[in-house]
Amino acid sequence: MPRDLGFIYEFVPAGTPDTPVTLLLLHGTGGNEQDLLPIGKELCPDAALLSPRGKVLENGMPRFFRRVAEGVFDEEDLKFRAHELAEFVRSAAQQYGLQDKKFIAVGYSNGANIASGLLLLHPHLLSGAILFRPMVPFTMSFLPDLKQAHVLLASGKGDPIASPEQNQKLAAMLSMAGADVSVYWHDGGHELGRDDLQAARSWLSQNVLNALPPPRTTPPSGQ
Ligand code: MLT
């Protein structure tokens, strides 16, 4: 029985103990902790998956922070919720022995927006993020140092919610902070397509998994 870490969540242990990454799965508005588990498995079959449910309810729909209107965020709440989520990730890492793993956030829509908030407010918590249909969470007068972070933005060319301008602003902001930023453009709108997942999977293996040192191998006993 998982300890109460302040969130309703799912945890799926890594397929092999050597797997260097843990995926932090962050659903969109109206989703829950189950939504992105199949996507996490598809992106990195051996990774541990940590998938919390957003604690804010909007007309009964879970979200990760409050908004005033479509596309207008309650920035104070967003920052408060990002700190709360960072605390959850640290406690879960301790509870499941994941302190030496690289945490990569995988967020869709509202989940991508809280993931950007986490990157900007807790620059050492995540090694990177896959942001599906992201927006700028808030502006900052001083950007953190994100040189160790790899970020993929996957945006829809015709997305009426997370517009291409929002993608470009966020990509510029993260690049200015030093992050290694890649952008994938999907031909449709806000919904995810198979192509988004393929792009994310190959980005993850090229930019994160292959860039990590090989796992330490235990010498055979007797040597
Ligand atoms: C948000 O509120 O985070 C964005 O508008 C995306 C959404 O959840 O619709």
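In short, a report on the structure. None of these values were measured; they are calculated from a predicted model.

Another aspect to go through is the site of the ligand. Close to the ligand lie Thr 29, Arg 63, Phe 65, Arg 67, Glu 70, Gly 71, Phe 73, Ser 109, Asn 110, Asn 113, Met 135 and Ile 161, which account for all nearby residues. In the environment of the ligand, an oxygen atom lies 3.3 Å from a nitrogen or oxygen atom belonging to the side chain of Glu 70. The separation between an oxygen atom of the ligand and a polar side-chain atom of Asn 110 is 2.9 Å.

Let's shift gears to the sheet that holds strand S11 (residues 180-186). Across the sheet, which stays open at both edges, the seven strands sit in the order S1-S3-S2-S8-S9-S10-S11 with mixed pairing between neighbours. Lying at the two open borders of the sheet, with one neighbouring strand each, are strand S1 (9-12) and S11. The average undirected angle you get between the axes of adjacent strands in this sheet is 15 degrees. Relative to strand S8 (residues 102-108), strand S2 (residues 21-26) runs parallel, the two sharing six bridges. Within S8, the residue paired with Thr 22 across the bridge is Phe 103.

Once that is clear, we can look at the pairing of strand S9 (residues 128-132). Extensive coverage of S9 is indicated by the burial of five of its five residues. Across the two faces of S9 the burial is the same, with Gly 128, Ile 130 and Phe 132 and Ala 129 and Leu 131 all buried. Of the pairings in the sheet, the one linking S8 to S9 comprises five bridges and is parallel in character. Along S9, the bridge assignment pairs Ile 104 with Gly 128. At this point the chain moves from S8, through helix H3 (residues 110-121), to the parallel S9, and the crossover so formed is right-handed. Of the strand pairs in this sheet, S9 and strand S10 (residues 150-156) are connected by five bridges, and their pairing is parallel. The residue of S10 that forms the bridge with Phe 132 is Ala 154.

This part takes up helix H5 (residues 194-209). Under the 1.5 Å per step criterion, the end-to-end length of H5 is 21 Å for 16 residues, consistent within 8% with the ideal 22 Å. Buried within H5 are the following residues: Asp 196, Leu 197, Ala 199, Ala 200, Trp 203, Leu 204, Asn 207 and Val 208. Looking at the buried residues of H5, the elements they touch are S2, helix H1 (37-43), S8, S9, S10 and S11.

What follows covers the packing of helix H2 (residues 75-95) against H3. In contact at an axis separation of 9 Å, H2 and H3 are set at 75 degrees when each is read in the N-to-C sense. When the axis of H2 is compared with that of H3, the two are roughly perpendicular. Two secondary-structure elements touch here, H2 through Leu 78, Lys 79, Arg 81, Ala 82, His 83, Leu 85 and Ala 86 and H3 through Ile 114, Gly 117, Leu 118 and Leu 121. Its residues assigned to classes, the contact of H2 with H3 comprises seven nonpolar, two polar and two charged.

Basis of the calculations
- Position numbers for residues count from 1 along each chain, tracking the sequence in the order it is written.
- Given that the model is predicted, a residue must reach a pLDDT of at least 70 before its local features are reported, and side-chain atom pairs must reach 80 or more before they are shown or counted; all residues, however, enter totals for whole chains, interfaces and linings.
- Only hydrogens and water are set aside; all other atoms, that is, all heavy atoms of the structure, feed into the side-chain values.
- Residue proximity to a molecule or strand is established when one non-hydrogen atom of the residue lies within 4 Å of it.
- Any pair of N or O atoms that falls within 3.5 Å is considered a polar contact. Within protein, one atom must be able to donate a hydrogen and the other to accept it, and sequence-neighbouring residues count only if both atoms are side-chain atoms.
- Here the rule is simple: two strands pair whenever DSSP picks up at least two bridges between them.
- Put simply, DSSP H or I for four residues or longer makes a helix, DSSP E for two residues or longer makes a strand, and each gets a number counted from the N terminus.
- Lines fitted to the C-alpha atoms define the axes, with helices restricted to the stretch that makes contact. Angles between their N-to-C directions range from 0 to 180 degrees.
- Throughout this description, buried means an accessible area under 20% of the type-specific maximum (1.4 Å probe, protein chains only), exposed means over 50%, and partly exposed covers the range between.
- Orient the strands so they point away from the viewer, and a crossover whose first-strand-to-second-strand path over the helix runs clockwise is right-handed.
- One fewer than the residue count of a helix, multiplied by 1.5 Å, yields its expected span.
- Whether two residues are in contact is decided by their heavy atoms: any pair within 4.5 Å suffices.
- Roughly parallel here means an angle under 35 degrees, roughly antiparallel means over 145, roughly perpendicular means 65 to 115, and every remaining angle is called oblique.
- Three categories are distinguished: nonpolar for Ala, Val, Leu, Ile, Met, Phe, Trp, Tyr, Cys and Pro, charged for Asp, Glu, Lys and Arg, and polar for the others, with Gly belonging to the last.

Spatial relationships are all this shows, so hold off on functional conclusions.
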